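The primary structure of each chain is shown beneath.
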Amino acid sequence: MASEETSLRALESLMTEFFHSCTTNDRKREIEELLNSFAGQPGSWRHCLYFLSNSRNEYVMMYSLTVFENLVNKMWVGVASEDKAELRSCLPKLLLSQHTLLPFFIRNKLCKVIVDIGRQDWPMFYHDFFSNTLQLVQSPSLAPLGLVLLKMTSEELVCPREDLSVARKEELKKLLLEQIPTVLNLLTGILETVWDKHSVTVTTPPPSPTSRETGLMVGDSTPVGLESESGTLCLLALECLAHLFSWIPLSSSITPALLASIFHFARFGCQLPVKTKPLPTSNGNSSPGSLLANGSEGQGRTGQMIGHADRARLGVMAMSCINELMCKNCVPLDFEEFLLRMFQQTFYLLQRLTNSHSHTNTHSVKNRLQELDESYVEKFTDFLRLFVSVHLRRIESNTQFPLVEFLALLFKYTFNQPTHEGYLACLDIWSIFLDYLTTKIRSRLADRDSVLNRYKDALVLLLREVLNRIQFRLNQSQLEELDDETLDDDQQTEWQRYLRQSLEVVARVMELLPSQTFSILFPVLQEDLDIYLGLQQFIVTTRTNRRLNITAEADCRKLHCALRDLSSLLQAVGRLAEFFTGDVFTARFNDALAIVQRLVEVTCYGSQISLYDVEMAVPSVLKPDLIDVHAQSLAALQAYSHWLAQFCSEVQRQQDQTQFVDLITSSMAATTPLINAKVPEKLLVSACHLLVSMATTVRPVFLVSLPAIQNVFNLITENHNHRLPQEAHVLVCRALSNMLLLPWPSLPEAEQQWPSRSTSHARLVSTLTHQYRLLSRPPDHHTNSKVVLQQTLCVLRDVVDSISGEATKSRQICYQSLQESVQVTLALFPLYIQQPDVTDEMLSFFLTLFQALRVQMGVAFTEQIIQTFLSMFTRDQLAVSILQEGSAGSKVVEKFLKILQVVVQEPGQTFKPMLPSILSLCMEQVYPIVAERSCPDVKAEMFELLFQILHQNWRFFFKTSVLSSVQRSGAEEHMENQAQFIAAMQAFGQSFLQPDIHIFKQNLRYLEILNSKHKLYHRKLFRSSMLFHFINVLLQVLLHKSHDLLQDDITLALYNMAAVDFQAFYSSFLPEFLNGCQGLDPHQRTTLARNFTPERDLPSFSQGVYRLVNDLRFYRLCNGSLPPGTLKL
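Everything quoted here is computed from the prediction, not taken from an experiment.

Undergrad: Would you explain the overall build of the protein chain in this entry?
TA: Secondary structure summary: the protein chain contains 48 helices and two strands in total. In the protein chain, buried positions account for 53% of the 1129 residues. Considering only intrachain contacts with a sequence separation of at least 6, the fraction spanning at least 24 residues in the protein chain is 75%. With the model as given, the accessible surface of the protein chain reaches about 50,800 Å², and the carbon-plus-sulfur share is 52%.

Undergrad: Quick question: what am I supposed to make of the nonpolar core here?
TA: Nonpolar side chains in soluble globular proteins generally cluster together in the buried interior. In terms of nonpolar packing, the biggest core is built from 397 residues, with Phe-406, Tyr-532, Trp-643 and Phe-981 touching the most fellow members. Top element by residues in this core is helix H9 (residues 166-201). It accounts for twelve residues. When neighbours within four sequence positions are excluded, Phe-981 is seen to be in contact with Leu-950, Trp-954, Phe-957, Phe-958, Met-975, Leu-1016, Leu-1021 and Met-1026.

Undergrad: How should the environment of Cys-111 be read in this particular structure?
TA: Relative to the helices and strands, Cys-111 is located in helix H6 (residues 104-121). Once the C-alpha coordinates of Cys-111 and Gly-146 are considered, the two residues, 35 residues apart in sequence, prove to be 9.7 Å apart. Setting aside its immediate chain neighbours within four residues, Cys-111 contacts Leu-95, Leu-145, Val-148, Leu-149 and Met-152.

Undergrad: Even after reading the chapter, I still don't get the pattern of salt bridges, so can you show me in this structure?
TA: If the charged atoms of two oppositely charged side chains come close together, the side chains can form a pair. Inspection of every chain in the model, using the stated rule, returns 45 salt bridges. For Asp-83, the salt bridge identified is with Arg-46, shortest N-O distance 3.0 Å. Linking Asp-83 in helix H5 (residues 81-98) with Arg-46 in helix H3 (residues 44-54), this pair joins segments that are 37 residues apart in sequence. Of the charged contacts in the structure, one is a salt bridge between Glu-578 and Arg-575, with a shortest N-O distance of 2.6 Å.

Undergrad: Teacher, can you tell me more about the packing of helix H12 (residues 308-326) against helix H15 (residues 374-395) here?
TA: Any two packed helices are characterised by the angle at which their axes cross and by the distance between the axes. The interhelical angle for the contact between H12 and H15, taken along N-to-C directions, is 15°, at an axis separation of 9 Å. The pairing of H12 with H15 is recorded here as roughly parallel in orientation. By crossing handedness, the relation of H12 to H15 is classed as left-handed. Facing H12, whose interface residues are Gly-315, Val-316, Met-319, Ser-320, Ile-322, Asn-323 and Met-326, H15 presents Ser-375, Tyr-376, Lys-379, Phe-380, Asp-382, Phe-383, Leu-386, Phe-387, Val-390 and His-391. For the contact of H12 with H15, the residue count by class is ten nonpolar, five polar and two charged.

Undergrad: I keep staring at the side chain of Asn-475 and nothing clicks. Help me out?
TA: Tracing the backbone through its elements, the reader meets Asn-475 in helix H19 (residues 472-480). Among residues more than four places away in sequence, those in contact with Asn-475 are Asn-468 and Arg-469.

Undergrad: It is not clear to me how the side chain of Arg-1085 should be interpreted in this structure. Could you clarify?
TA: Position of Arg-1085 relative to the elements: it lies in helix H47 (residues 1082-1091). Asp-1081 is the oppositely charged side chain nearest to the buried, salt-bridge-free Arg-1085, at an N-O distance of 6.5 Å. Only 2.7 Å separates the side chain of Arg-1085 from the backbone oxygen of Leu-1074, close enough to count as a polar contact. Contact partners of Arg-1085, with chain neighbours within four places excluded, come to Leu-1074, Asn-1075, Cys-1077 and Leu-1080.

Undergrad: Looking at this structure, I do not really get the packing of aromatic side chains. What am I missing?
TA: Note on aromatic pairs: each is described by the distance of the centres and the angle between the planes. Overall, the coordinates contain 69 aromatic pairs when judged by the stated rule. Consider the rings of Phe-343 and Phe-401, whose centres lie 6.3 Å apart with planes at 70°: the pair is edge-to-face. Of this pair, Phe-343 sits in helix H13 (residues 336-353) while Phe-401 sits in the loop between H15 and helix H16 (403-414), placing them 58 residues apart in sequence. Taking the relative accessible area as the measure of exposure, Phe-343 reaches 3% and is therefore buried. When the ring of Phe-992 is compared with that of Phe-1000, the centres are 4.8 Å apart and the planes differ by 55°; the resulting orientation is tilted.

Undergrad: Explain unusual backbone geometry to me, please; I cannot follow it from the model alone.
TA: Across residues other than glycine, the phi torsion is negative in most instances, and most of the peptide bonds are trans. In this model, Trp-122 is joined to Pro-123 through a cis peptide bond whose omega is 0°. Along the polypeptide, Pro-123 turns up in the loop between H6 and helix H7 (129-138). For Ser-610, which is not glycine, the phi torsion reads 30° and is therefore positive. Using a relative accessible area of 13% as the deciding quantity, one classes Ser-610 as buried. One non-glycine residue, Lys-1015, lies in positive phi territory at about 55°. When you line up the elements, Lys-1015 lands in the loop between helix H42 (997-1014) and helix H43 (1020-1025). Looking at Lys-1015, the relative accessible area reads 42%, which means it is partly exposed.

Undergrad: Explain the packing of helix H44 (residues 1027-1040) against helix H45 (residues 1047-1058) here, please?
TA: Relative to each other, H44 and H45 sit at 155°, their axes nearing to 10 Å. One finds that H44 runs roughly antiparallel with respect to H45. Considering the relative orientation of H44 and H45, their crossing is left-handed. Here H44 contributes Leu-1027, Phe-1030, Ile-1031, Leu-1034, Leu-1035, Val-1037 and Leu-1038 to the contact with H45, which in turn contributes Gln-1047, Ile-1050, Thr-1051, Ala-1053, Leu-1054, Met-1057 and Ala-1058.

Undergrad: Please clarify how the environment of Gln-501 should be interpreted in this entry.
TA: Among the secondary structure elements, Gln-501 is positioned in helix H20 (residues 494-512). Once the C-alpha coordinates of Gln-501 and His-20 are considered, the two residues, 481 residues apart in sequence, prove to be 53 Å apart. When neighbours within four sequence positions are excluded, Gln-501 is seen to be in contact with Leu-424, Leu-427 and Asp-428.

Undergrad: Help me understand empty space enclosed by the protein in this model?
TA: Vacant regions in the atomic arrangement are exposed by a probe of water-molecule size rolled over the atoms. This model, assessed by the stated rule, comprises five cavities of 30 Å³ or more. Forming the walls of the largest cavity are Ala-695, Arg-699, Pro-700, Val-701, Leu-703, Val-704, Asn-738, Met-739, Leu-742, Trp-744 and Arg-757. If you add up the space inside the second largest cavity, you get close to 40 Å³. Contributing elements (two or more residues each) for the lining of the second largest cavity: helix H8 (143-158) and H9. A class-by-class count of the residues in the lining of the second largest cavity yields seven nonpolar, two polar and no charged.

Undergrad: Which parts of the structure should I look at to understand H44?
TA: What sets the pattern is the α-helix's 3.6 residues per turn: residues three or four places apart point alike. In this model, H44 (14 residues) spans 20 Å end to end at C-alpha, consistent with the 20 Å of a helix rising 1.5 Å per residue. Buried residues of H44: Leu-1027, Phe-1030, Ile-1031, Val-1033, Leu-1034, Leu-1035, Val-1037, Leu-1038 and Leu-1039, and no others. Contact partners of the buried residues in H44: helix H41 (978-991), H42, H43, H45, helix H46 (1062-1076) and helix H48 (1098-1121). Positive backbone phi, at 55°, marks Lys-1041, one or two positions downstream of H44.

Calculation notes
Residues numbered from 1 in each chain as written. Predicted model: local features only at pLDDT ≥ 70, side-chain atom pairs only at ≥ 80, totals over all residues. Heavy atoms only, no water. Helix = DSSP H or I, 4+ residues; strand = E, 2+ residues; numbered from the N terminus. Buried < 20%, exposed > 50% of the residue type's maximum accessible area, 1.4 Å probe, protein only. Contact = heavy atoms within 4.5 Å. Areas by Shrake-Rupley, 256 points an atom, 1.4 Å probe, with all protein chains shown as cover. Core = buried A, V, L, I, M, F, W, Y, C linked by side-chain atoms within 4.5 Å. Salt bridge = Lys/Arg side-chain N within 4 Å of Asp/Glu carboxyl O. Axes fitted to C-alpha atoms, helices over the stretch in contact; angles between N-to-C directions. Parallel < 35°, antiparallel > 145°, perpendicular 65-115°, else oblique. Left-handed = near helix turned anticlockwise from the far one by under 90°. Nonpolar A, V, L, I, M, F, W, Y, C, P; charged D, E, K, R; others polar. Lys, Arg positive; Asp, Glu negative; His and termini not counted. Polar contact = N/O pair within 3.5 Å; in protein donor to acceptor, adjacent residues only side chain to side chain. Phe/Tyr/Trp six-rings, centres within 6.5 Å; stacked < 30°, edge-to-face > 60°. 1 Å grid on protein atoms, 1.4 Å probe; cavity = no way out; pocket = protein on both sides within 12 Å on 5 of 7 lines; lining within 4 Å. Points joined across faces, edges and corners; volume = space filled by probe spheres on them. Expected span 1.5 Å × (residues − 1).

Here you go:
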């Protein structure tokens, strides 16, 4: 006894020293080794049992419990049966005697150790484990402790870690499911008892005879008071239910009484904070956070009432239970009635939440929601989302559910959300509902009108309110809170996200109710347009400047709001462009024409009076507003380019084209003056994008001959002193090139004027590349040379890329114009090989050329380019480039490999002579450098190239004749280039032994494609010498859990490989694999082989692989925990 006391004092001293701030890391390591050594000694648990019983030092208690946890989870198989029995007896006794004294985290850890023992031994050796827990739950004083154990049992036995065999996991789940009706009855009893007791103690008038008429919930008032101990008990019961609902199937065990009890507590979340008079036994208010989820008692004296925060926590937890049930998409038919009851209960809660005439009339709905717990509102929104997305289709046709009234409440709930995030979450729910409605109408076109009429009023209301919510003149203070500067992961600001989500709802309503949406949106737009178009009268012109004569603060604020709103509404108009094209073009032509004419008018007005150039009061606010409106008007007009293209093809058949010509001429007259280096860049880029759309999408025949467009040609080809910013310059060059290269729609080939357009294009490109073609060789290292090179190649690459999918004639003309520049680039390439940023730009250009114009370039020149590259990328050059991971040099190699991918994918025999040298570069030069290094980007491109070589050039390796493939005879496969094929397969296999999960996934997919397209796994060479190696590697990966995210992909690949010869897999490979596995005894190997039933369908095979991997890991864990010299039977 004395020695144990001494050991305890020594351990306390060590633990205190370990956690002391002055202890060095070296000393901490020494202590850690000492503690691990002690824990590893046989029988150390006995000392820990003494420490746990006799120490109040939290570090010592935690260490002792860790020793127990390790013993149970990792060494239990090797523990003597009498020791196990002693632990099963001692630890629960210790818990019962000390649980009120232990800190909650120590008590929870002790509970977990007991549950872990139950997971191993119940019911065979620990038959009273579960019944003891249920007894605790039923004991008034020990119920909180019982509930903690019950929740842990649900967590640890249903989702056990890998320290159990699959058979044991299945047994535990089955055993627990048998206990579920009893457990749910007990939990229902706890909730009902507390509620009934609590309802009785509160003096409220009896419910009126009509209180049942709603059929929703008896007793409308939610009592305020709840004792602290009762609150703790209910919170624990609800936590238990939430976890149970996450895995038990929907069944009759989930009774109406249980559901009603949960909804009783969900009401707590709807309560506003109220001041109550303290009861005689209470101190007036409960301490913050009195409902601890650990079930500690004694947080307050009996009779002490819980506070608002604790009531809210009960509400949140009740909603969590409800949402767990709502998540289940698989609903038995006999459960539909149950669902209806659930939704009726929720309908009641929604009424409570959106009721502004509650116990105090001073609270608006928004104030109510603002004062409620934020988590409760979030949970309720989650519920509504689940209801609409998962169950609406089930409940909509049920006459007992008031769906239209539900939508009215959802509307009220949405537009009274106290936060922007809450509002957007509700908008998501409306989007889901609108998608559901759209799909339903498409599938039931016959009664489209009757379906729409049911919801028409609700949709119109929704549309009006969403439009109101994006307008600054109605919500300035709220909208100004939204950040419009910081970009999120989707490259949009908080305001842009808010606006985009709102406009998506508008667009979905437009799809269902086009005419109503148009008639609601257009007048609102008109109102703000009138203010904008009226600004001209306030411009005062003097000799030196122009000034906007609006200076009063109220007027400036009003103008700011009108401009912000006009900008948003212009985006809305642009978003709706798609609903005027296609089949509805004629029916909605007049509406669309009115919009486009208005947009053209607005853009012309903006360009004529150039408000961005006018002096004004508060320029930091109003100038960006004016620029944004102008830019958005151009963007909105651009959105109608597809409508204009359809208009263009329609008027080709008519004599009178005046209307169309006027629209295009006016829009270009508004756009081209903005293509100027002095114009703000936002506006300039918008104008350039509109020009590109006109040239690329609309393609009017007369576009290039317009004086406005000729001015742009002159600006680009002559004015080198005032060069546009690079982005704008590239866009304008693309537009001008496309005007000359793209065929005019609805015109025969003879009328395309190709000769004159070809000459003009050659002249344009010649001018654009003039400086580039004159660059000195060798380079003079003048910084301007590099700038000219990079800027020119960027323009040329964009020009080529924009016609990559076009007709042959367009690509021919393009290549003729570029031919000299391509030759110059090839000649410059070797001179810049040591400057990776320049070679990167060159290779980007060549990659685009190969993708778009390889046919036009011809075989001879293509070979010349590739040979130039191959000679430049020596082993040393590659090593230098690749080893600087993420550098420009490594990007150059990636681009080069991408070019080779394009080459090897070319059908026919054109580039086949180059395959050996490409394969050689890949396997003999690049692969040795990247094989043992990370280099993820280069490695990904190299394997992509290797895959494309195999996939697109299969006959380079397997010369299968048509006759033999038809006959499927047993004739020998004729194979060529076998060494290269084997090397490629070895490279793929090697990649599966490395940690990079992206390369692993990519290469596994490549092998699967090669198998589905070319029967890779069935090829004789693969079957005889590689198949089992690949299966072995993939199984080892599953065993090591290194790539668990890809478990399904790996299992599918294993199935396809095994399917080549199931007989050989089960009879030959599996025993061989198990014999090679270390840490197993012969009996275990036999069991593993027997449990992998020789099924041939994918689900059964997948289950077999899972069982094999899980049980093999379990056996190794067991064998590793046995004491040395243990005799295995």
